[in-house]
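Spelled out from the first residue to the last, the chains are:
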2 protein chains.
Amino acid sequence: MTDTNWSVPETEVLSAVGDALNAGREAVIATVIDVEGSAYRRPGAKMVIEADESAGSVTAGCLEDEVRSIAADVRAVGEPRVETFDLTGDDGTWGLGMGCNGIITILLEPVDESYRPIVERVAEGGDVGVATVVDGDRPRGERGYYTPKDGFAGDLPDWLRAELTDPTAGLLDRGEADTLRIDRDERSVEVFVDGIEAPPHLVVFGSGPDVGPVVDLAKRAEFRVTVVGFRGAQATSEAFPAADEVVAISPANIEDEVDFDADTHAVVMTHNFVDDRLVLEALLDTPIPYIGLMGPEERFEELLDAFADDGVTLPENALDRIYTPIGLDLGGDSPYRIAYSIVAELLAVANDRTPQHLSNREGPIHDRVDSRTVDNVAPE
Amino acid sequence: MTDTNWSVPETEVLSAVGDALNAGREAVIATVIDVEGSAYRRPGAKMVIEADESAGSVTAGCLEDEVRSIAADVRAVGEPRVETFDLTGDDGTWGLGMGCNGIITILLEPVDESYRPIVERVAEGGDVGVATVVDGDRPRGERGYYTPKDGFAGDLPDWLRAELTDPTAGLLDRGEADTLRIDRDERSVEVFVDGIEAPPHLVVFGSGPDVGPVVDLAKRAEFRVTVVGFRGAQATSEAFPAADEVVAISPANIEDEVDFDADTHAVVMTHNFVDDRLVLEALLDTPIPYIGLMGPEERFEELLDAFADDGVTLPENALDRIYTPIGLDLGGDSPYRIAYSIVAELLAVANDRTPQHLSNREGPIHDRVDSRTVDNVAPE
């Protein structure tokens, strides 16, 4: 067994499941369904184990070997299994609060067709709430699929769907997962509800060589990436192998060729004033929350002048959605460092965060620690 | 000719020069020495051109083909050459203020032994100011190498070294490059002074599978990366192929085995409480400005308790250098997203930036643009 695929972007774990299904390869998927104590990975963390390789992770590396050996049994027996690992005694080896000192419960299932709807939904950029029976008065592995639009599909009985609809909607909305105990009449069922969000969608407008690093880093940051080029010759899958999709179109058909919704983020770097202007005007007609525009302030003002000259007015919320100069202020002007600051900004916006140090340099931690530091100054 | 290496991390351009030197391959290095108007790349941006491939970039892609064809001549003739490209007429094609509408002057030189001291100095993690004659009363390509410790080495005459010492020290300190005109007595020389800073050094303590994404992203963000593991079996170059250096040592010898200076940044993720504690204590004895500690606040407080129990007091500046929880607040808890936030924090600290949107959401741009937006609201 090899560990080299441990650290693939999360988005590659589900595609690994899809590959196994399509190739008819036997595989087992391990999912963290419950954690007591602090953990490096949260419920919903997944690992796919095949005969000679695995992808993804359920801990910081402390359980993966054991999970692989159990997966071999699960593959042989062909039945889903729930295993609980109590690592509370392992502090010395694995450290306090670092994901290997809690009690971790993992569902191991043979990968079968019941996973295909999940893989396909996410591949299309859709979110899905997956409710899987893990214990109680229903068969383990019985599964339902929830979307806000269509409610529950799948095998779950109506009474269980009714009980699960509200909590599943909430978990999916937050992109979280949890194991719920449902008691109804004489029946009691434990269900793992997994709010699986599709990766956010990034559309990069441009096909110049500076686009490559943005695509490369955005994929590692778990975005689904579409490259849109207006010069067909340059906008090819060969030029941007990491992209999920490369399309060469005319600026006039942007809205016909690409779907833009509240999970879509656009980076505009065509290096062409006219193209950037057409893209900006088209994007402002869509609901997308992020429009990153490459170039200095002066260039944005030239674009605004061009709009003004034509009597084009920006929608009121335009400035809440246009980010220019693009990126977070991380320093450096090499192509990869520029791309790094762009994708960092994409993450902050997609996850609705205000970019700052998690240590919050002036914040409560430091106050608390300052007092501790004083305590530490004991007479020698 | 292929363009696929255009977007290598900047740090790979100099190593490409070293590879060509060591392999005895003919190569030409193109360096931006002057820019009028706004440019995507600044003076000092480099591109290495060999017979069938190139690495690095001098513009956003608008000149690279032309530079390649000139490089073929330079390779044939074997003499350095200065070429100026006036792109001010190309707005329609390349857009305002996006690096292809300025006047860009490029020095093209056959790669020869005069580049070896630069490659070797930077490979050792040292900065070097390179002064190269580009025009005037000295031979083009005549070159000197400046370090704050030893001053100038190389071919430049003493009078020129004297004139160049102060400006070169300043440019190197700021990591900038500029072309200077030196007039002395009857002589006039144009010298391109390139303040070449070695990539900042990252030392990652840990050898768990979550280290891989940090190494991978830090290399793309132009860090020189050393992985230090205390479990020899896991800390191997095979496990971390992207790392520049992988060492397996005992926590007791940290300071003997690794150099720590003001350009060194440490990420502590051993997942082992005892190891983390030993690393932290050792690092606080060094001048390094950044110590990122993986794990929740509670764990850091446990570490502080352990120090206190042993009467160990933290240096006064400890809390200015310890960043925990590690990373910028960009959201996401997958291994790659955690690594992304860590390396984003490394960049901000290494470049002395306060992480925030470059568009400074509440700042002057928006005020200015708000007024413009109002202007745009013309009666239909």
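Computed from a predicted structure; not experimentally measured. Per chain, the residues get numbers from 1 upward, laid out in the order the sequence is written. For this description, chains carry letters from A and ligands carry numbers from 1, given in the order in which they are written. Owing to the predicted nature of the model, reporting of local features is limited to residues with pLDDT of at least 70; listing and counting of side-chain atom pairs is limited to 80 or more, with chain, interface and lining totals taken over all residues. Water and hydrogen atoms were dropped before computing side-chain values, which therefore reflect all heavy atoms in the structure.

S.K.: Sorry if this is basic, but what is going on with the packing of helix α1 (residues 11–23) of chain B against helix α4 (residues 116–123) of chain B here?
M.R.: A pair of packed helices can be characterised by two numbers: the angle between their axes and the separation between those axes. Residue and element names in this part refer to chain B. Running from N to C, α1 and α4 point in directions that differ by 125°, and their axes come no closer than 9 Å. Classified by the interaxial angle, the pair formed by α1 and α4 is oblique. Every pair of crossing elements has a handedness; the one defined by α1 and α4 is left-handed. Along the contact surface, α1 presents Leu14, Val17, Gly18, Leu21 and Asn22, while α4 presents Arg116, Ile118, Val119 and Val122. Comment: axis = line fitted to C-alpha atoms, over the contacting stretch for helices; angle = value between 0 and 180 degrees taken between N-to-C directions. A run of DSSP states H or I qualifies as a helix once it reaches four residues; a run of E qualifies as a strand once it reaches two. Both are numbered from the N-terminal end. Working definition: roughly parallel below 35 degrees, roughly antiparallel above 145 degrees, roughly perpendicular at 65 to 115 degrees, and oblique for all remaining angles. Here a crossing is called left-handed whenever its near helix is offset anticlockwise from the far helix by less than a right angle, and right-handed whenever the offset is clockwise. Note on definitions: a residue-residue contact is assigned when non-hydrogen atoms from the two residues lie within 4.5 Å.

S.K.: What should I look at first to understand the packing of helix α11 (residues 335–350) of chain A against helix α11 (residues 335–350) of chain B in this one?
M.R.: For the pair α11(A) and α11(B), the least separation of the axes is 11 Å and the interaxial angle reads 125°. In this view, α11(A) runs oblique relative to α11(B), as classed from their interaxial angle. Crossing handedness for the pair α11(A) and α11(B): left-handed. Here α11(A) contributes Arg337(A), Ala339(A), Tyr340(A), Val343(A), Ala344(A) and Leu347(A) to the contact with α11(B), which in turn contributes Arg337(B), Ala339(B), Tyr340(B), Val343(B), Ala344(B) and Leu347(B). In the contact of α11(A) with α11(B), the residues fall into 10 nonpolar, no polar and 2 charged. Only Asp, Glu, Lys and Arg are considered charged, only Ala, Val, Leu, Ile, Met, Phe, Trp, Tyr, Cys and Pro nonpolar, and every remaining residue, Gly among them, polar.

S.K.: What's the story with α11(B) in this structure? I'm lost.
M.R.: Residues and elements named next belong to chain B. Relative to the 22 Å expected for 16 residues at 1.5 Å per residue, α11 spans 22 Å between its end C-alpha atoms, a close match to the ideal helical length. Residue exposure (1.4 Å probe, protein chains only): buried if accessible area is under 20% of the type maximum, exposed if over 50%, otherwise partly exposed. Most of α11 is tucked away: 15 of the 16 residues are buried. Positive backbone phi, at 60°, marks aspartate 352, one or two positions downstream of α11. The span one expects for a helix is its residue count, reduced by one, times 1.5 Å.

S.K.: Which parts of the structure should I look at to understand the sheet that holds strand β12 (residues 224–229) of chain A?
M.R.: Backbone hydrogen bonds hold the strands of a sheet together, and the pairing may be parallel or antiparallel. Residue and element names in this part refer to chain A. DSSP bridges decide pairing: two strands pair if at least two such bridges lie between them. Here 6 strands make up an open sheet; going across it, the order is β13-β12-β11-β14-β15-β16 and the pairing parallel. Two strands bound the open sheet, and with one partner strand each, they are β13 (245–248) and β16 (322–323). Sheet analysis places strand β14 (residues 264–268) next to strand β15 (residues 290–293), joined by 4 bridges and oriented parallel. Along β15, the bridge assignment pairs histidine 265 with tyrosine 290.

S.K.: Would you mind going over the sheet that holds strand β1 (residues 27–36) of chain B with me for this structure?
M.R.: Residues and elements named next belong to chain B. In spatial order, the strands read β3-β2-β1-β5-β4; together these 5 strands make up an open sheet with antiparallel pairing. Of all the strands in the sheet, just β3 (54–56) and β4 (81–86) have a single pairing partner and so form its edges. For this sheet, the mean inter-axis angle between neighbouring strands, taken without regard to orientation, is 20°. In the sheet, β1 pairs with strand β5 (residues 103–110) via 8 bridges, with the strands oriented antiparallel. What sits directly across from aspartate 34, in β5, is threonine 105. Sheet strands in contact with α1 are β1, β2 (46–50) and β3, and its direction is about 30° off that of β2.

S.K.: When you look at the environment of Ala20(A) in this model, what are you seeing that I'm missing?
M.R.: Residues and elements named next belong to chain A. If you trace the backbone, alanine 20 turns up in helix α1 (residues 11–23). Spatially, the C-alpha atoms of alanine 20 and arginine 41 are 24 Å apart, while their sequence positions differ by 21 residues. Discounting chain neighbours no more than four positions away, the residues touching alanine 20 are Arg25, Ala27 and Glu50.

S.K.: Got a minute to help me understand the confidence of the model for chain A in this structure?
M.R.: Predicted coordinates in areas of low pLDDT are best not read in detail. Residues and elements named next belong to chain A. The quantity known as pLDDT measures the predictor's confidence residue by residue, on a range of 0 to 100. Per-residue pLDDT for chain A averages 87, and the proportion of residues at 70 or more is 88%. Under a pLDDT of 50 for its full length, residues 91–99 has, in the predicted model, 37 contacts with residues more than four places off or in other chains. Counting contacts from residues 371–380, a segment whose pLDDT is below 50, to residues more than four positions away or on other chains yields 11 contacts. Here the predicted complex scores 0.87 on pTM and 0.87 on ipTM.

S.K.: Where do I start with a negative patch on the surface in this structure?
M.R.: Residue and element names in this part refer to chain A. The patches described consist of residues with a relative accessible area above 30% and no salt bridge, like charges being joined within 9 Å and nonpolar side chains (Val, Leu, Ile, Met, Phe, Trp, Tyr) within 5 Å. Each accessible area is a Shrake-Rupley estimate made with a 1.4 Å probe; only the visible protein chains count as cover when residues are assessed. What makes a salt bridge here is a side-chain nitrogen of Lys or Arg within 4 Å of a carboxyl oxygen of Asp or Glu, nothing more. A residue counts as positive if it is Lys or Arg and as negative if it is Asp or Glu; His and the chain ends are not included. By convention, the charge on Lys lies at NZ, on Arg at CZ, on Asp at CG and on Glu at CD. The grouping of Asp173, Glu197, Glu245, Asp259, Asp261 and Asp263 at the surface amounts to a negative patch. Take glutamate 197: it is sitting in the loop between β10 (187–196) and β11 (201–205). Classification of glutamate 197 as partly exposed rests on a relative accessible area of 44%.

S.K.: I'm lost on helix α2 (residues 64–77) of chain B in this one. Help?
M.R.: In an α-helix, one turn spans 3.6 residues; hence positions three or four apart end up facing the same way. All names here are of chain B. Taking 1.5 Å of rise per residue, 14 residues should cover 20 Å, and α2 covers 20 Å from first to last C-alpha, within 8% of that figure. For α2, every residue scored as buried is listed here: Glu64, Val67, Arg68, Ile70, Ala71, Val74 and Arg75. Against the buried residues of α2 lie β1, β2, β3, β4 and β5. Taken from the residues just after α2, glycine 78 is the one with a positive phi, measuring 80°.

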